[in-house]
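# Topology and contacts: notes
Residues per chain are reported as follows:
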Amino acid sequence: MTNRYAVILAAGQGTRMKSKLYKVLHPVCGKPMVQHVSDALNQVGFDETVIVVGHGAEAVKAQLGEEFHYVLQAEQLGTGHAVLQADELLKDKKGITVVLAGDTPLLTGETIDALIAEHQAKQAKITVLTALAEDPTGYGRVIRGANGLVERVVEHKDATVEEQKVREINTSTYCFDNELLFQALKQVGNENAQGEYYLPDVIEILQKQGEVIAAYQSPTFSETFGVNDRVALSEAESIMKKRINERWMRAGVTIIDPAQTYISSEATIGQDTVIYPGASIQGASVIGSECVIGANSEIRNSVIADFVEVKQSVIHDSKVESRVTIGPFAHIRPGSALGEDVRIGNFVEVKKSSLAKGSKAAHLSYVGDAEVGQNVNLGCGTITVNYDGENKYKTTIADGAFIGSNSNLVAPVHIGENALVAAGSTITEDVPHQALSIARARQVNKENYKKSN
Ligand code: UD1
Ligand code: CA
């Protein structure tokens, strides 16, 4: 087996993004572009992967993790100069090296596989992944000789009017013979429109040495799309969104309006779940089977079991068991856990709280820092008073308790099993099990208070 190496170019600032965030860290469907590229590489499998970092080096490392080699390109003198930073690590190794740009998030593992297969079939020293662009503006053009073979790549800014008409573009993804790559890189100069050391110049160098240069044309242009500005970012987002949505629809999920449904690349969704327009399923959320995710719901990093119905609600970093219904207009904040058959109704906020099986907070409640047992009924307007301006305190409510409407439970406080809190109570002391607690001013009726005229 030939050894396989990979280099991801991720040192550029991404000036055209006009952003504080480094270009390759801009997310597409919730995942940074460079992470998409490295995930595609992982699908293929390489012996060693080197990431060239510069701008935002620490942030890129933090994103991709420890499993890679990182080399620093302190000054961004061009893509050729970028690959040269891996010289010490790679130059003497026998094998092939795939080079990719960190700003091509749509590239798939299958295409990288096909590129390598073509490289080996043609016994080439370089194989360029090319694509036919509707509008090639800005891209490097692939210049082929009379025999149809690739001779060189010319950058848009260096191209003649004639060359600019070429629609076959360089996607910035290549497979190289490793040793020849590093030999040729040392001959690359920077006499061009941008004064940069261009990686694609190694093509002309090796071609002139008589080496075999091949090209593999991607069947779709969209996959090779390079993101340089926010317009392209939004196009990448919509292509990726379509890809993700189609994958889930093929797996048995109903998406009423895919154009308006946002599912992160990390999320998973079970069969026969129905997703309504405007829903946004973010992060590594896991959604079970036969759920209904209502319009404009936002679910982030949450685990949702089967048969759950979410109507126009927000759920972040929480766990929801089977047959729970949530909303409309509920807010489940981080650290919450809703047991089976729990019902959370309209205008209810739950924060860092658990409600066990069968409990209900059907209307207008705040449940914060609370541990609620099974089959508890939190009447309309129940509030856990968990904060005194400095510290947060816990409320515990045992199984079967019934909290009357518009009650304040001033924490720390415990409501015993099957206890009953009368409507309108402000509870400041623990309530024993099975007790009825009334904590409100008595009603006084003043007869004939308003005299008739
Ligand atoms: C590059 C190609 C062009 C191709 C296009 C495809 C060159 C000279 N041109 O142009 O032929 O059609 O991609 O999208 O290679 N980078 C570094 N260090 C540098 C410069 C760039 O790490 O010194 C990284 C960037 O972070 C980026 C990648 O290399 O991830 C590509 O650089 P970019 O400036 O976007 O190149 P393009 O102008 O798009
Ligand atoms: Ca680019």
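Below is a short write-up of the structure.

Rules and cut-offs
Residues numbered from 1 in each chain as written. Chains lettered and ligands numbered in written order. Predicted model: local features only at pLDDT ≥ 70, side-chain atom pairs only at ≥ 80, totals over all residues. Heavy atoms only, no water. Helix = DSSP H or I, 4+ residues; strand = E, 2+ residues; numbered from the N terminus. Contact = heavy atoms within 4.5 Å. Lys, Arg positive; Asp, Glu negative; His and termini not counted. Charge placed at Lys NZ, Arg CZ, Asp CG, Glu CD. Buried < 20%, exposed > 50% of the residue type's maximum accessible area, 1.4 Å probe, protein only. Polar contact = N/O pair within 3.5 Å; in protein donor to acceptor, adjacent residues only side chain to side chain. Donors = N, O, S within 2.8 Å, 3.2 Å for Na, K, Ca; no water. Phe/Tyr/Trp six-rings, centres within 6.5 Å; stacked < 30°, edge-to-face > 60°. Lys NZ or Arg CZ within 6 Å of the ring centre and 35° of its normal. Near = heavy atom within 4 Å. Areas by Shrake-Rupley, 256 points an atom, 1.4 Å probe, with all protein chains shown as cover. Nonpolar A, V, L, I, M, F, W, Y, C, P; charged D, E, K, R; others polar. Arc of directions from axis to C-beta. Core = buried A, V, L, I, M, F, W, Y, C linked by side-chain atoms within 4.5 Å. Salt bridge = Lys/Arg side-chain N within 4 Å of Asp/Glu carboxyl O. Axes fitted to C-alpha atoms, helices over the stretch in contact; angles between N-to-C directions. Parallel < 35°, antiparallel > 145°, perpendicular 65-115°, else oblique. Pairing = 2+ DSSP bridges.

All right, on to the overall build of the chain then. In terms of helices and strands, the chain carries 9 helices and 39 strands. For the C-alpha atoms alone, the extent of the chain along its principal axes is close to 110 × 55 × 40 Å. Residue pairs at least 24 apart in sequence account for 40% of intrachain contacts in the chain once pairs closer than 6 positions are excluded. Side-chain charges of the chain comprise 43 positive and 55 negative groups, with the mean position of each set lying 7 Å from the other.

On to helix 7 (residues 178-185). An α-helix turns once per 3.6 residues; consequently, residues spaced three or four apart project the same way. Within helix 7, 6 of the 8 residues are buried, leaving the element largely enclosed by the surrounding structure. Those residues of helix 7 that fall on the buried side of the exposure criterion are N178, L180, L181, F182, A184 and L185. Taken together, the buried residues of helix 7 touch helix 3 (79-84), helix 4 (87-90), strand 6 (96-101), strand 10 (168-177) and helix 8 (201-208). In this structure D177 caps helix 7, since a side-chain oxygen of it lies 3.3 Å from the backbone nitrogen of E179.

Every protein donor of the calcium ion (ligand 2) is listed here as D103 (OD) and N228 (OD1), and their distances to the metal cover 2.4 to 2.5 Å. Here D103 is found in the loop between strand 6 and helix 5 (109-121), whereas its partner N228 is found in the loop between strand 11 (213-217) and helix 9 (230-250), with 125 residues between them in sequence. Note on D103: relative accessible area 13%, which makes it buried.

On to unusual backbone geometry, then. A cis amide bond links G327 with the next residue in sequence, P328, at an omega value of 5 degrees. For P328, the location among the structural elements is in the loop between strand 24 (325-326) and strand 25 (331-332). Following A411, the chain continues into P412 via a peptide bond in cis, with omega recorded as 0 degrees. Its place among the elements puts P412 in the loop between strand 35 (408-410) and strand 36 (413-415). Backbone geometry places N296, a non-glycine residue, at a positive phi of 60 degrees. For N296, the location among the structural elements is in the loop between strand 18 (292-293) and strand 19 (298-300). Its identity as a non-glycine residue notwithstanding, N406 has a phi of 60 degrees, on the positive side. Relative to the helices and strands, N406 resides in the loop between strand 34 (402-403) and strand 35.

Before going further, it helps to examine the packing of aromatic side chains. Taken as a whole and judged by the stated rule, the model has 4 aromatic pairs. Aromatic side chains F221 and F225 sit 6.2 Å apart centroid to centroid with 90 degrees between the ring planes, which places their arrangement in the edge-to-face category. Here a set of aromatic residues connected by ring pairs shows up, and it is made of Y139, F221 and F225. In this structure, K392 packs its charged tip against the face of Y387, placed 5.0 Å from the ring centre.

Quick look at the site of ligand 1 now. Lining the immediate surroundings of ligand 1 are 24 residues, of which Q73, T79, G140, E155 and N170 lie closest. For ligand 1, an oxygen atom lies 2.9 Å from a polar atom in the backbone of A11. Contact between ligand 1 and D103: an oxygen atom at 3.2 Å from a side-chain N or O atom of the residue. In isolation ligand 1 offers 750 Å² of accessible surface; the protein chains occlude 91% of this area. Contributing elements (two or more residues each) for the shell around ligand 1: strand 1 (4-10), helix 3 and strand 10. Here the shell around ligand 1 gets 3 residues from one element, more than from any other, and that element is strand 10. In terms of residue class, the shell around ligand 1 is built from 9 nonpolar, 11 polar and 4 charged.

The set of residues buried in helix 8 consists of V202, I203, I205 and L206. Around the axis of helix 8, the buried residues are gathered within 165 degrees of arc, so they sit on the same side. Of the surrounding secondary structure, the elements contacted by the buried residues of helix 8 are strand 7 (126-132), strand 9 (150-154), strand 10, helix 7 and strand 11. Phi for G210, located one or two positions after helix 8, is positive at around 85 degrees.

This part is about the nonpolar core. Of all hydrophobic cores here, the largest spans 60 residues; its most connected members are I344 and I415. Secondary structure elements with two or more residues in this core: helix 9, strand 27 (343-351), strand 29 (360-368), strand 30 (370-372) and strand 36. Ranked by the residues each element gives to this core, the list is headed by helix 9, at 6 residues. Among residues more than four places away in sequence, those in contact with I344 are T325, I326, G327, A330, I332, L338, V350, L355 and A361. Judged by nonpolar contacts, the second largest core, of 32 residues, contains V99, I126, I205 and L206.

Moving on, we come to the pattern of salt bridges. Summed over the entire model, instances satisfying the criterion amount to 24 salt bridges. With a closest N to O distance of 3.7 Å, K31 and E266 form a salt bridge. In this pair, K31 is assigned in strand 3 (residues 31-32) and E266 in the loop between strand 13 (262-263) and strand 14 (268-269), connecting sequence segments 235 residues apart. Here E298 ties to R300 by a salt bridge, and the two come within 3.3 Å at their closest N and O atoms.

Turning our attention to the packing of helix 7 against helix 8. Where helix 7 meets helix 8, the closest approach of the two axes is 9 Å, and the angle between their N-to-C directions is 105 degrees. By the angle class used here, helix 7 and helix 8 are roughly perpendicular. On helix 8, the residues touching L180, L181, A184 and L185 of helix 7 are V202, I205 and L206.

What follows deals with the pairing of strand 9. Taken residue by residue, a regular strand's side chains alternate between the two faces of the sheet. Sheet topology places strand 8 (residues 141-144) next to strand 9; 4 bridges connect them, and they run antiparallel. Pairing of R141 across the sheet is with V154, part of strand 9. What sits between the antiparallel neighbours strand 8 and strand 9 is a turn of 5 residues, in which G148 has the positive phi angle 85 degrees.

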